Structure formats: C-alpha cells, structure tokens
Amino acid sequence: VKADGGNNYQFFKASTQSSAINRLNMESEMRKAIERGEFVLHYQPQINATSGHVVGMEALIRWQHPERGMIPPYHFISVAEETGMIVPIGEWVMYEACRQNKAWHDAGLAELKVAVNLSARQFSDRKLLDKVRHALKQSGLNPAFLELEITESVIMKDIEATIALLEEIASMGLSLAIDDFGTGYSSLNYLKRFPIDKLKIDKSFIDDVISSEDDGKIVEAIIGLSHNLKLNVICEGVEDAEQFAWLQERQCNEIQGYYFSKPLPADEFEAFVRSRNAI
Ligand code: C2E
Ligand code: CA
Ligand code: CA
Ligand code: CA
C-alpha cells in the first residue's frame, strides 16, 4: 500500500500542477473511469444530537483506481472542476446516491436523507435541474430524501440568480444545505432570502471549539443564528466526546464526524445504521 500510495501521490501531485498536458491526461483518465465504473460513493452518517440515531448521510466520492488504489477526492476533485469533468462525474454521484438510498428505503432501512455535494460548475450548469429530475425519476427516490450541499462562495456569486435557482430546487421538494458555513462570505442579509434548510458549520471551527474561546463563540453564534432563522444546524468534523458534549449542550441539531464514524462503503454503512438505530 505504501509503494502504491507513493506512486499515486506523485502522479496526482503532478496532475494537479497546472500543466495543460497533465490536466488533459487526468481528464481522459476520469472519462475512462466513468465508463469503467471506477468511482464509488462512501457514506458518512449524520447523527441526531438528541436521539443519537442516524438521520442522514453525506455521499462522498472515491476513485477506485485499478493500479493506484483508492484515491481520495482531494486528489482529483479540483482538476475535475477545472476541466469540467465534475459535471458528468457529479451527474453520476447524484444518480448513484439516489439509487442507493432508494434501495435502502426499499430494504426497510430507516428512511434517511442523502446529502450530495454540488460544485460551482454543476451549480452553473443550465441542465442542472433536468439532471436532478432525471436522477429522481430513474431511481424512484422521493425528493424529500435528497439534500444538496452548496458552499457559501458558490451561492454568493450571483445572489438573484441563486435565489431563483434555489427556489426551483426547493419547489421540487429537495432540501438544501450550505456547506462549510463560516469559511466564506455569506451575507446574513441574504441568508434569510435563500430557501435553505440547513447550515453546516465547517470543521475548522469545530477543531478548536474547546480550546479557542473565539471559535467557541463563533460556533455558538452560528447555532443561535440557525435557530432564529428556523434552520437545522449540523457540525462536521466532530472527533471526540468532549466536542460532542459541548455541541449537544448548545443544542446543535446534528453531528457528522469521526467520533461517530468515518465515511463508509455502502455495506458497512448499512450495518452501522442497523446497529445504531436498532433496526
Ligand atoms: P466536504 O464536503 O467538506 O466533506 C467533508 C470531508 O470531511 C470529507 O472528506 C470527510 O471524510 C471529512 N471528515 C468528516 N468528518 C471528519 C472528522 O471528524 N475528521 C476529519 N479529519 N475529517 C472528517 P472527503 O471525503 O475526503 O472529501 C473531501 C472533499 O471533497 C469534500 O469536502 C468535498 O468538498 C469534496 N467531495 C467529496 N465528494 C464529492 C462529490 O461527490 N462531489 C463534489 N463536487 N465534491 C466532493
Ligand atoms: Ca459537503
Ligand atoms: Ca463540508
Ligand atoms: Ca469542509
């Protein structure tokens, strides 16, 4: 694994440098990866802070490369974004997440909501809504069980256009979460105009929530803001019992982090839910 890891690091490090040739290589590799079915989704549980039950999961992509092993998104998502390959990859992610979630619903697993990450490029794709509709129709998943995660910087780019698009998405019955909240430049003024359901507080604030008074105050303020705006609030990157207790005390609604579980392959995720929710 070490040797492979080394090669994979070199290959992808080179590829992420902005050499056009490397980007082109990566692009054709990614195109083949879609055709060959080399992408997989792992699922990270989202836990209700009061009940301790799994209430949802975030779908996170990995590349199961035949020679280079499991490649984390960090190594290819930004190149996919630059080359535009994120659009077909994202389309696959959306369909696969819906298909898997529907299969779990049909199998009698708890009715969980699946969250899918939407990149800037996907968000500005004119065909986005058609693709979402298609994924829902093909999979048969009830739209109420699909959530889209969008970062602050993406939605703040063109406020009026964003509001119109988000309203269309919301009217289809999906839910919307703002990802990495606190790291961008959300205008609080606009926040109430977005038809969103959830704020996801970025891991960088959770890391030092205990040790840094400032980060603690910021997290408290975001939780308070969420409650005032009647939004759900979830914290990501919760790694220990102390952070969990701190957030629980402050009425954070949901928790996602290694303290409960890393992102898991589908079969392990299913087993996790069955034991955790006692199904
Ligand atoms: P993100 O959307 O902020 O996802 C959360 C990341 O934090 C995941 O990394 C997750 O494994 C990690 N994480 C969660 N809890 C903890 C924790 O307690 N400790 C630590 N150290 N890490 C934690 P991952 O899976 O490597 O994904 C990284 C990023 O790649 C994601 O960040 C997202 O921006 C992007 N990404 C992943 N899958 C997709 C996808 O399907 N589409 C798009 N557009 N982007 C994706
Ligand atoms: Ca996310
Ligand atoms: Ca995030
Ligand atoms: Ca993050």
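Everything below is about the structure shown above.
Residues numbered from 1 in each chain as written. Chains lettered and ligands numbered in written order. Predicted model: local features only at pLDDT ≥ 70, side-chain atom pairs only at ≥ 80, totals over all residues. Heavy atoms only, no water.

**What to know about the packing of aromatic side chains**
Aromatic ring pairs are reported here in terms of the distance separating the ring centres and the angle at which the planes meet.
Step number 1: Tallying each qualifying case throughout the model produces 10 aromatic pairs.
Step number 2: Consider the rings of Phe39 and Trp63, whose centres lie 5.4 Å apart with planes at 45°: the pair is tilted. With Phe39 in strand 1 (residues 39-48) and Trp63 in strand 2 (residues 54-65), this pair connects stretches of sequence that are 24 residues apart.
Step number 3: Accessibility expressed as a relative area gives 5% for Phe39, which makes it buried.
Step number 4: Each ring, one from Phe244 and one from Tyr259, has its centre 5.8 Å from the other, and the planes form 35°; the classification is tilted. Taken together, the positions of Phe244 in helix 12 (residues 241-249) and Tyr259 in the loop between strand 9 (254-256) and strand 10 (264-265) put the pair 15 residues apart, joining distant regions of the chain.
Step number 5: The class of Phe244 is buried, set by a relative accessible area of 13%.
Step number 6: You can call Tyr259 partly exposed: its relative accessible area is 35%.
Step number 7: Through a chain of ring-to-ring contacts, the aromatic side chains of Phe39, Trp63, Phe76 and Trp92 assemble into a single cluster.
Step number 8: Between the NZ or CZ atom of Arg250 and the centre of the ring of Trp246, over which it lies, the distance is 3.7 Å.
Step number 9: Cation over ring: Lys262 sits above Tyr258, and NZ or CZ is 5.0 Å from the ring centre. (Phe/Tyr/Trp six-rings, centres within 6.5 Å; stacked < 30°, edge-to-face > 60°. Helix = DSSP H or I, 4+ residues; strand = E, 2+ residues; numbered from the N terminus. Buried < 20%, exposed > 50% of the residue type's maximum accessible area, 1.4 Å probe, protein only. Lys NZ or Arg CZ within 6 Å of the ring centre and 35° of its normal.)

**Focus: helix 8 (residues 159-171)**
Step number 1: Taking 1.5 Å per residue, 13 residues should reach 18 Å; helix 8 reaches 18 Å between its end C-alpha atoms and fits that length.
Step number 2: Among the residues making up helix 8, those that are buried are Ile159, Thr162, Ile163, Leu165, Leu166 and Ile169.
Step number 3: As for helix 8, its buried residues are in contact with helix 5 (120-123), helix 6 (128-139), strand 5 (146-151), helix 7 (152-155), strand 6 (175-181) and helix 9 (188-191).
Step number 4: Positive backbone phi, at 100°, marks Gly173, one or two positions downstream of helix 8. (Expected span 1.5 Å × (residues − 1). Contact = heavy atoms within 4.5 Å.)

**Notes on the coordination of the calcium ion (ligand 3)**
Step number 1: For the calcium ion (ligand 3), the full set of protein donor atoms is Asp179 (OD), Asp180 (OD), Glu236 (OE) and Glu236 (OE), at a range of 2.3 to 2.6 Å.
Step number 2: The motif formed by the donor residues of the calcium ion (ligand 3), counted along the single chain, is D-D-x55-E.
Step number 3: Metal-to-metal, the separation of the calcium ion (ligand 3) and the calcium ion (ligand 2) is 3.6 Å; Asp179 coordinates the two. Taken together, the residues Asp179 in strand 6 and Glu236 in strand 8 (residues 232-236) connect sequence positions 57 residues apart. (Donors = N, O, S within 2.8 Å, 3.2 Å for Na, K, Ca; no water.)

**Structural notes on the pattern of salt bridges**
Step number 1: Scanning all chains against the criterion turns up 18 salt bridges.
Step number 2: In this structure, the salt-bridge partner of Glu38 is Arg36, at a minimum N-O distance of 3.7 Å.
Step number 3: What makes Glu38 buried here is its relative accessible area of 8%.
Step number 4: Judged by its relative accessible area of 55%, Arg36 falls in the exposed class.
Step number 5: Asp125 serves as the salt-bridge partner of Lys131, at 2.7 Å between the closest nitrogen and oxygen. One exposure class covers both Lys131 and Asp125, and it is buried.
Step number 6: Sharing partners across several salt bridges, the network here consists of Glu58, Glu149, Lys200 and Glu236. (Salt bridge = Lys/Arg side-chain N within 4 Å of Asp/Glu carboxyl O.)

**So, the environment of Leu24**
Step number 1: Within the fold, Leu24 resides in helix 2 (residues 20-36).
Step number 2: A residue is classified by how much of its surface remains accessible, and Leu24, at 57% relative accessible area, is exposed.
Step number 3: In sequence terms Leu24 and Thr83 are 59 residues apart; their C-alpha atoms lie 8.2 Å from each other.

**What about the site of ligand 1?**
Step number 1: Among the 22 residues in the neighbourhood of ligand 1, the closest are listed as Gln44, Arg62, Asn117, Glu239 and Tyr258.
Step number 2: Between ligand 1 and Ile61, the relevant distance is 3.1 Å, taken from a nitrogen atom to a main-chain nitrogen or oxygen of the residue.
Step number 3: One of the side-chain N or O atoms of Asp179 is found 3.2 Å from an oxygen atom in ligand 1.
Step number 4: Protein burial of ligand 1: of its 800 Å² of free accessible surface, 80% is covered by the chains.
Step number 5: Those elements that provide at least two residues to the shell around ligand 1 are strand 2, helix 4 (86-106) and strand 6.
Step number 6: Here the shell around ligand 1 takes 4 residues from strand 2, the largest share from any one element.
Step number 7: Considering only residue class, the shell around ligand 1 consists of 9 nonpolar, 6 polar and 7 charged. (Near = heavy atom within 4 Å. Polar contact = N/O pair within 3.5 Å; in protein donor to acceptor, adjacent residues only side chain to side chain. Areas by Shrake-Rupley, 256 points an atom, 1.4 Å probe, with all protein chains shown as cover. Nonpolar A, V, L, I, M, F, W, Y, C, P; charged D, E, K, R; others polar.)

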